[in-house]
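The residues making up each chain are set out below.
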Amino acid sequence: MQSEKTYDFYFAQVQKALESCTDNLWQKDSKVSEGARYSLMNGGKRVRGVLTLAVCDMLKGDMEGAAFYAAAVEMVHAYSLVHDDLPCMDNDDYRRGKPSCHKAFDETTALLAGDALLTEAFEVLASSGLSDKQNMRAVQILSGGAGARGMIYGQELDLFFEKQQTLTVEELTQVHRHKTGALINAAVQMGAVAAEATARQREVLEEFALRLGFVFQIVDDVLDVISTTDVLGKPVGSDVHNGKITFASLKGIKGCREFAAALTQEAICILEETFGAQAEFLAGYASSLLERTH
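Now for a look at the structure at hand. (Residues numbered from 1 in each chain as written. Predicted model: local features only at pLDDT ≥ 70, side-chain atom pairs only at ≥ 80, totals over all residues. Heavy atoms only, no water.)

Overview of the state of the cysteines
Using the criterion set out here, one finds 0 disulfides in the structure. Unpaired in terms of disulfides, Cys56 finds its nearest cysteine sulfur in Cys21, a separation of 14 Å. Given the relative accessible area of 0%, Cys56 is considered buried. (Disulfide = S-S within 2.5 Å. Buried < 20%, exposed > 50% of the residue type's maximum accessible area, 1.4 Å probe, protein only.)

Shown next as structure tokens:
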């Protein structure tokens with residue numbers, strides 16, 4: 001129960017930051033700005049923003065400044081979903097139970113709305129109130145996690161491997177280490193920046209975050225097989241329909257669950273060895289992500 005209350009607190013702080021940080025970013029009477037806000041505030045669990053705040057809180061950092069970092073990573077995540085849903089990518093018509101941005105508006109508006117979310121995220125980082133050194137480091141972390149060495153490279157690999165007839169676990173892990181894990185690690189590392197963490201603490205948090213990213217993707221792959229569109233809020237079964245190789249197709253549902261459980265336990269042990277009881281929320285949150293249904 002305490003863990004749920006803590007999550008609710010972090011979630012509320014992310015939502016508040018998104019509202020306050022973005023109110024002045026959107027152009028009035030702009031279809032693109034309307035599309036950006038629609039996509040950003042269209043639900044979601046705010047996993048990345050919550051992680052930023054949770055890490056900062058664990059390390060007794062500046063939560064007010066970290067809220068800006070949490071908002072920025074959620075903006076980047078929203079941009080990535082808008083672009084992922086486009087016809088030239090995954091061509092998905094629904095996101096979180098509502099029409100995806102290009103269906104609610106149009107393809108051109110969605111493209112520009114995603115661009116706006118990505119660009120304005122860095123204005124939010126610069127407005128955090130933390131030191132220039134911290135903000136510069138946060139910019140480096142978020143751009144690295146989202147850019148050509150991170151999330152974008154993961155998407156490139158994903159599109160490349162879609163055309164292949166075979167794919168190994170190691171190759172798929174490489175895809176999702178970048179596509180999913182890089183932005184989750186960026187969220188965690190920005191929480192560490194807000195708390196002025198030590199180099200050793202940052203290393204431990206990276207090991208935790210990358211495992212968490214794998215688990216998140218494995219669970220996604222399983223849900224695409226066993227869940228429903230109503231529960232997920234987006235089409236299911238598309239991976240199977242498109243012949244896409246996933247963790248679920250390589251390992252089976254049972255194998256995926258065992259693999260994800262083992263990775264989660266590794267992640268929790270890594271945290272607890274360094275942070276002890278301070279890691280209670282993050283450890284519990286990692287376990288909850290393993291059990292999520294949407």
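From this point, the narrative continues.
Concerning the side chain of Asp84
Turning to its location among the elements, Asp84 is positioned in helix α4 (residues 63–84). One buried charged side chain, Asp84, makes no salt bridge at all; its nearest oppositely charged neighbour is Lys179, positioned 4.8 Å away. Only 3.4 Å separates the side chain of Asp84 from the side chain of Gln155, close enough to count as a polar contact. Residues contacting Asp84, with those up to four places away along its chain left out, are Met89, Asp90, Asn91, Gln155 and Lys179. (Helix = DSSP H or I, 4+ residues; strand = E, 2+ residues; numbered from the N terminus. Lys, Arg positive; Asp, Glu negative; His and termini not counted. Salt bridge = Lys/Arg side-chain N within 4 Å of Asp/Glu carboxyl O. Polar contact = N/O pair within 3.5 Å; in protein donor to acceptor, adjacent residues only side chain to side chain. Contact = heavy atoms within 4.5 Å.)

Quick look at the pattern of salt bridges
Between side chains of opposite charge, pairing is possible as soon as their charged atoms come close. For the structure on display, the rule yields 11 salt bridges. With a closest N to O distance of 2.7 Å, Asp158 and Lys179 form a salt bridge. In this pair, Asp158 is assigned in helix α8 (residues 151–162) and Lys179 in helix α9 (residues 169–179), connecting sequence segments 21 residues apart. Given a relative accessible area of 5%, Asp158 falls into the buried group. Its salt-bridge partner being Lys254, residue Glu258 comes within 2.7 Å of it at the nearest N-O pair. One end of the pair is Glu258 and the other is Lys254, both in helix α14 (residues 247–275) and 4 residues apart, which spans about a single turn. In this structure Lys254 comes out as exposed when scored by relative accessible area, which is 61%. Each of Glu19, Asp23 and Arg37 takes part in a single network of salt bridges with overlapping partners.

Here we look at the packing of aromatic side chains
Under the defined criterion, the tally for this structure stands at 8 aromatic pairs. On the numbers, 5.5 Å between centres and 15 degrees between planes, the contact of Phe281 with Tyr285 is stacked. Taken together, the positions of Phe281 and Tyr285, both in helix α15 (residues 280–290) and 4 residues apart, correspond to about one turn of that helix. Members of the aromatic cluster, connected to one another through ring pairs, are Tyr7, Phe9, Tyr10, Phe11, Phe281 and Tyr285. If you follow Arg48 out to its NZ or CZ, it ends over the ring of Phe216, 5.4 Å from the centre. Lying over the aromatic face of Phe259, Lys251 brings its terminal NZ or CZ to 4.6 Å of the ring centre. (Phe/Tyr/Trp six-rings, centres within 6.5 Å; stacked < 30°, edge-to-face > 60°. Lys NZ or Arg CZ within 6 Å of the ring centre and 35° of its normal.)

Quick word on the environment of Lys5
Looking at the element boundaries, Lys5 is found in helix α1 (residues 2–22). For Lys5 and Asp85, which are 80 residues apart along the polypeptide, the C-alpha to C-alpha distance reads 33 Å.

Looking at the packing of helix α2 (residues 31–40) against helix α6 (residues 107–126)
At a minimum axis distance of 8 Å, the contact between α2 and α6 shows a crossing angle of 70 degrees. Taken together, the axes of α2 and α6 lie roughly perpendicular to each other. Our pair here, α2 against α6, has a crossing hand that is right-handed. Contacts between α2 and α6 involve Lys31, Val32, Gly35, Ala36, Ser39 and Leu40 from the first element and Thr109, Leu112, Ala113, Ala116 and Leu117 from the second. (Axes fitted to C-alpha atoms, helices over the stretch in contact; angles between N-to-C directions. Parallel < 35°, antiparallel > 145°, perpendicular 65-115°, else oblique. Left-handed = near helix turned anticlockwise from the far one by under 90°.)

Remarks on the nonpolar core
Across soluble globular proteins, you tend to see nonpolar side chains buried next to one another. Membership of the largest hydrophobic core comes to 75 residues, with the highest contact counts inside it found for Leu142 and Leu205. Counting residues per element, this core draws most heavily on α4, which supplies 12 residues. The contact partners of Leu205, leaving out residues within four places of it in the chain, are Val55, Met58, Leu59, Asn185, Val188, Gln189, Ala192, Leu271 and Phe275. Grouped together as the second largest cluster of nonpolar side chains are 18 residues, Leu172, Phe214, Val219 and Ala260 included. (Core = buried A, V, L, I, M, F, W, Y, C linked by side-chain atoms within 4.5 Å.)

Remarks on the packing of α4 against helix α7 (residues 132–146)
What describes two packed helices is the angle between their axes and the distance between those same axes. The contact between α4 and α7 brings their axes to 11 Å, and the two run at 20 degrees. As the angle between them shows, α4 and α7 are arranged roughly parallel. α7 is crossed by α4, and the crossing has right-handed handedness. Across from Tyr69, Ala72, Val73 and Val76 in α4, the residues of α7 making contact are Gln134, Asn135, Ala138, Leu142 and Ala146.

Here we look at unusual backbone geometry
When glycine is set aside, most residues are seen to have a negative phi, and most peptide bonds are trans. Positive phi, normally seen in glycine, also occurs at Arg46, with a value near 55 degrees. Among the structural elements, Arg46 can be located in the loop between α2 and α3 (47–58). With a relative accessible area of 4%, Arg46 lands in the buried category. Positioned with a positive phi, Arg96 is a non-glycine residue whose angle comes to about 55 degrees. Its relative accessible area of 28% is what places Arg96 among the partly exposed residues.

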